[in-house]
Amino acid sequence: MKAMTKQELADKAGISLQTLRRWCKPLNSQLTEMGVQRKTKLLPPKAVKLICEYFCIDVD
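Residues numbered from 1 in each chain as written. Predicted model: local features only at pLDDT ≥ 70, side-chain atom pairs only at ≥ 80, totals over all residues. Heavy atoms only, no water.

## Description of the environment of isoleucine 57
No. 1: Inspection of the secondary structure assignment puts isoleucine 57 in the segment after helix 4 (45-55).
No. 2: Residue class for isoleucine 57 comes out buried when judged on its relative accessible area of 11%.
No. 3: Between the C-alpha atom of isoleucine 57 and that of isoleucine 15, which follows or precedes it by 42 residues, the distance is 11 Å.
No. 4: Aside from chain neighbours lying at most four places away, what touches isoleucine 57 is Leu9, Lys12, Ala13, Ile51 and Cys52. (Helix = DSSP H or I, 4+ residues; strand = E, 2+ residues; numbered from the N terminus. Buried < 20%, exposed > 50% of the residue type's maximum accessible area, 1.4 Å probe, protein only. Contact = heavy atoms within 4.5 Å.)

This is the structure we're talking about:
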């Protein structure tokens, strides 16, 4: 996994940025532990991996 913006990840999933934000609500505590805040635009690779595995998003 590589770092990517929330918008890039939403585009890969075929959803809007707002939908991605709603989807990530159950993961907020885990994302916060990784240093991802609500207004963070660039997601670190660990966060991208977590979100992709949780929602079965293929980013390759």
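## Observations concerning the layout of surface pockets
No. 1: One number sums up the size of the largest pocket: a volume of about 320 Å³.
No. 2: Around the largest pocket, the lining is made up of 14 residues, and of these Lys6, Arg21, Cys24, Asn28 and Arg38 lie nearest the centre.
No. 3: Counting only elements with at least two residues in the lining of the largest pocket, the list comes to helix 2 (17-23) and helix 3 (28-33).
No. 4: In terms of residue class, the lining of the largest pocket is made up of six nonpolar, three polar and five charged. (1 Å grid on protein atoms, 1.4 Å probe; cavity = no way out; pocket = protein on both sides within 12 Å on 5 of 7 lines; lining within 4 Å. Points joined across faces, edges and corners; volume = space filled by probe spheres on them. Nonpolar A, V, L, I, M, F, W, Y, C, P; charged D, E, K, R; others polar.)

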